[in-house]
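Observations on the model geometry
Now for the letters of each chain:
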Amino acid sequence: MAIPRKRVARLASLGRVALAVGLLAALGWAAIYGFKGSAHAGDTGRLADRLQVVRATASSAGPWLQAGVAEVQGVASRAAADPGAAVDSYASGPHTFREAFVVDRTLRRVAGAQRYWGSGNSLAPCAGGDAKGLQHLVDAAASTGPAVHAFYDPCGAAVVGAAQAAANGTVAIVLASPTTLAARLDTLAHLPNSYAAFVASDGSSVTADGAVAQRPDGAQKDDISVYVPGHAQHEGTDTVGGVVRAWAPLPAGWAVAVDEATPEFSPPAVVQRPNWVPVLVVACFALAILVVGFFDNRRRRALTRADEDRASFLAVVGHELRTPLTVLKGFVDTLSARWDHLDDDQRQTLVERLGPQVRRLHRGVDRLLIAADIQRGATLRVSADALALESVVNDVVEGFRPLAPLHTFAVDVAPDLAVVGDRKALGQALDQIVDNAVKYSPSGGTVVLRARRTSRRVELAIDDEGVGLPSDFSRIFEPLTQGEEVETRVHDEGGVGVGLYIARALLEAMRGTVSAARRAPEPGTRIVVNLVAGPSLPSGREQLAPTGRVHGPI
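To keep things clear, this report deals only with the structure shown in the data block. (Residues numbered from 1 in each chain as written. Predicted model: local features only at pLDDT ≥ 70, side-chain atom pairs only at ≥ 80, totals over all residues. Heavy atoms only, no water.)

**Regarding the sheet that holds strand β2 (residues 109–112)**
In plain terms, the rule: The pairing criterion is simple: DSSP has to find at least two bridges between the two strands. Helix numbering and strand numbering both begin at the N terminus, where a helix is a DSSP run of H or I of at least 4 residues and a strand a DSSP run of E of at least 2. Angles here are taken between N-to-C directions and fall from 0 to 180 degrees, while the axes themselves are lines fitted to C-alpha atoms, restricted in helices to the stretch in contact. Contacts: residue pairs with any heavy atoms within 4.5 Å of one another.
The antiparallel open sheet is built from 5 strands, whose spatial order is β2-β1-β5-β4-β3. The open sheet is flanked by β2 and β3 (147–152), the only strands paired with a single partner. Neighbour to neighbour, the strand axes of the sheet diverge by 25° on average, direction disregarded. Here helix α3 (residues 83–92) sits on the sheet in contact with β1 (99–103), β2 and β5 (171–176), set at roughly 170° to β1. Taken strand by strand, helix α4 (residues 132–144) contacts β1, β3, β4 (158–165) and β5, and its axis lies near 170° from that of β3.

The following block contains the structure:
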């Protein structure tokens with residue numbers, strides 16, 4: 001059977017592309033291999049020797065840092081039950097760091113030395129000192145787990161501090177002088193024209209004299225030696241020609257770093273500038289691969305996107321609906337099996353616990369149905385009434401007070417401030433946003449709702465003191481999207497990932513907008529709702545038009 005001509009031509013075209021890519025790949029490999037192989041073997045050996053010295057320094061300093069981390073973890077585990085006893089036990093036993101104390105997250109003293117605190121256990125820095133370094137350490141421990149930083153304490157002394165959050169919300173801290181760590185830099189500090197330091201995860205460093213410095217180019221942690229071509233300066237040292245850089249990792253996110261000018265490190269310069277021919281060959285090779293794979297990638301993304309959406313939907317719904325159903329099943333089984341053995345108060349308690357789970361299940365299903373209607377293209381028909389924004393906001397806040405008793409809700413909305421929209425739709429949108437703020441805020445946090453008029457618009461900002469937004473928060477208003485980095489919640493209701501999506505759809509139906517931003521410098525998230533401004537309300541009136549109606553799927 002003869003092969004059709006079109007198919008032969010297509011196969012020939014694909015063969016030519018494959019041959020071109022193969023030739024480019026071979027040429028690029030040969031060019032890169034030749035470029036790398038041109039380095040002198042002696043330079044490679046010297047790099048390996050330098051890395052070995054840095055690793056030896058790391059092996060000496062590593063146990064010291066690890067001991068500090070272990071000590072603060074022990075203090076934190078005991079501080080959850082008795083902070084005073086935890087500090088006393090640390091002081092009376094053998095320890096690597098200098099001293100231990102326990103504070104809350106606002107740096108109020110709970111137990112330990114009175115060194116930095118005045119009367120009433122409030123922080124009282126020495127003259128010229130401040131608490132920025134100590135607060136940074138406490139914040140890092142509260143958000144990322146065990147943290148070890150170098151900083152100046154409230155009395156201006158250089159210290160290395162390790163911190164660990166305890167189960168009761170306090171933070172245990174152990175401090176040590178950085179000179180005990182810096183003593184291990186002796187073998188590196190005498191290298192000519194060099195910079196040697198222990199670099200912390202936040203970029204601060206301990207130098208050979210025990211001082212705390214800030215590394216100018218950030219701390220890249222690796223276990224290989226690299227070189228940086230061009231002109232660089234470290235600690236005032238002119239390093240024309242490049243820098244030999246060696247890194248070795250340490251516990252708690254630290255690293256040993258040593259930079260040395262290439263003229264001092266190796267008279268025949270380690271750094272060799274690449275020829276333009278291999279660079280051009282590699283660029284052509286990469287371009288060919290990109291062109292060939294571009295259309296194929298588009299087709300594969302289109303085919304897999306639907307599968308990913310379905311998998312995401314099933315995963316979210318399966319997790320969020322199974323949890324309340326499991327709790328309900330447990331309570332029902334207990335009532336059924338032990339009814340005759342329970343008194344009236346116990347039965348009443350179990351029955352009352354069914355309600356929140358039922359409401360959670362109902363709330364999740366409702367949100368999914370609303371989101372499904374919106375995605376299906378159902379039109380949201382909302383009324384355009386003049387509403388007292390203060391009244392709508394207060395109604396939403398009052399609904400959350402019994403659900404989040406440890407939270408503080410602050411409302412700053414002028415009584416005469418009016419917006420154009422639908423009361424029910426606006427209330428539902430704000431309910432979704434405030435619910436998100438409560439879930440991602442620590443217990444006892446403050447949620448602030450503040451409004452102001454700008455020209456013909458009204459801007460309502462909802463601020464929380466929560467864990468903040470994930471690194472990529474561009475998709476948080478899309479359906480079935482949750483912040484993967486945001487794990488700390490007040491309660492176990494994770495949501496189904498459609499709350500902010502519903503809020504955006506409702507606000508856009510009322511000619512409004514919604515956006516998210518990180519608060520700075522305070523921790524937390526700011527959601528900004530922008531609405532059409534209405535006429536100013538007379539004093540004492542809550543609404544100029546009848547209660548709004550939401551038509552359609554809501």
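What follows continues from the structure just given.
**Notes on the packing of helix α11 (residues 423–439) against helix α12 (residues 499–509)**
For the record, the criterion: Note on terminology: angles under 35 degrees are roughly parallel, angles over 145 are roughly antiparallel, angles of 65 to 115 are roughly perpendicular, and the others are oblique. Here is the rule for handedness: rotate from the far helix to the near one, and if that takes an anticlockwise turn smaller than a right angle the crossing is left-handed, while a clockwise turn gives right-handed. Residue polarity is assigned by list, with Asp, Glu, Lys and Arg as charged and Ala, Val, Leu, Ile, Met, Phe, Trp, Tyr, Cys and Pro as nonpolar; anything else, Gly included, falls into the polar class.
As a packed pair, α11 and α12 sit with axes 9 Å apart at the nearest point and diverge in direction by 150°. Between α11 and α12, the angle falls in the class roughly antiparallel. Handedness of the crossing formed by α11 with α12: left-handed. Within the contact between the two elements, α11 uses A425, L426, Q428, A429, Q432, I433 and N436 and α12 uses G499, L500, I502, A503, L506 and L507. Broken down by class, the residue content of the contact of α11 with α12 amounts to 9 nonpolar, 4 polar and no charged.

**Things to note about the nonpolar core**
The nonpolar side chains of a soluble globular protein tend to be buried with one another. The condition that has to hold: In these notes, a set of buried Ala, Val, Leu, Ile, Met, Phe, Trp, Tyr and Cys residues joined through side-chain atoms within 4.5 Å is what counts as a nonpolar core. Accessible area is worked out with a 1.4 Å probe on protein chains only. A residue is then buried under 20% of its type maximum, exposed over 50%, and partly exposed in between.
In terms of nonpolar packing, the biggest core is built from 44 residues, with L389, L426, I433, L507 and V529 touching the most fellow members. Contributing elements (two or more residues each) for this core: α10 (389–400), α11, β18 (446–454), β19 (457–463), α12, β20 (513–518) and β21 (525–532). Counting residues per element, this core draws most heavily on α11, which supplies 8 residues. Apart from the residues lying within four places of it in its own chain, the contact partners of L389 are V413, L417, V419, L426, A451, V458 and L531. Listed in part, the 41 residues of the second largest apolar core include V54, A61, V87 and A162.

**Some points on the side chain of T525**
Tracing the sequence through the fold places T525 in strand β21. Take T525: its relative accessible area is 8%, and that puts it in the buried class. When residues no more than four places from it in sequence are discounted, the contact partners of T525 are I462, D463, D464, G468, L469, A517 and R519.

**Quick word on the environment of G210**
Its location among the elements puts G210 in the loop between β7 (204–206) and β8 (212–214). Taking the C-alpha atoms as reference, G210 lies 4.3 Å from T179; in sequence the two are 31 residues apart. The contacts of G210, once residues within four sequence positions are left out, are A158, P178, T179 and A182.

**Observations regarding unusual backbone geometry**
Non-glycine residue L107 carries a positive phi angle of around 70°. Mapping L107 onto the fold places it in the loop between β1 and β2. Phi at R511 takes a positive value of approximately 60°, unusual for a residue other than glycine. Following the sequence through the fold, R511 ends up in the loop between α12 and β20.

**Comments concerning the pattern of salt bridges**
Pairing is possible between side chains that carry opposite charge, provided their charged atoms lie close to one another. Rules: Each reported salt bridge corresponds to a side-chain nitrogen of Lys or Arg within 4 Å of a carboxyl oxygen of Asp or Glu.
Summed over the entire model, instances satisfying the criterion amount to 9 salt bridges. Between R98 and E99 there is a salt bridge whose closest N-O contact spans 3.3 Å. E99 sits in the buried class, given a relative accessible area of 10%. In this structure, the salt-bridge partner of R115 is E99, at a minimum N-O distance of 2.9 Å. Placement of R115 in the loop between β2 and α4 and of E99 in strand β1 is noted, with a sequence separation of 16 residues between them. The exposure class assigned to R115 is partly exposed, which follows from its relative accessible area of 45%. Salt bridges sharing common partners tie together D412, R450, D463 and R526.

**Observations concerning the sheet that holds β21**
The 5 strands are arranged β16-β18-β19-β21-β20 in an open sheet whose pairing can be described as mixed. Bordering the open sheet on either side are β16 (408–412) and β20, each of which pairs with just one other strand. On average, each strand axis in the sheet is tilted by 15° relative to the strand beside it, whichever way the strands run. The sheet strands contacting α11 are β16, β18, β19, β20 and β21, and the helix crosses β21 at an angle near 170°.

**Some thoughts on the pairing of β20**
The pairing of β20 with β21 spans 6 bridges and is classified as antiparallel. Note on β21: the bridge partner recorded for V514 is V529. Where β20 hands over to β21, the hairpin turn is made up of 6 residues, of which G524 adopts a positive phi near 120°.

**Considering α3**
The condition is simple: By construction, the arc corresponds to the directions joining the helix axis to the C-beta atoms.
The set of residues buried in α3 consists of P83, A86, V87 and Y90. One side of α3 carries all its buried residues, which in axial view fall inside an arc of 95°. Residues of α3 that are exposed and angled more than 90 degrees away from the buried face: D88 and S92.

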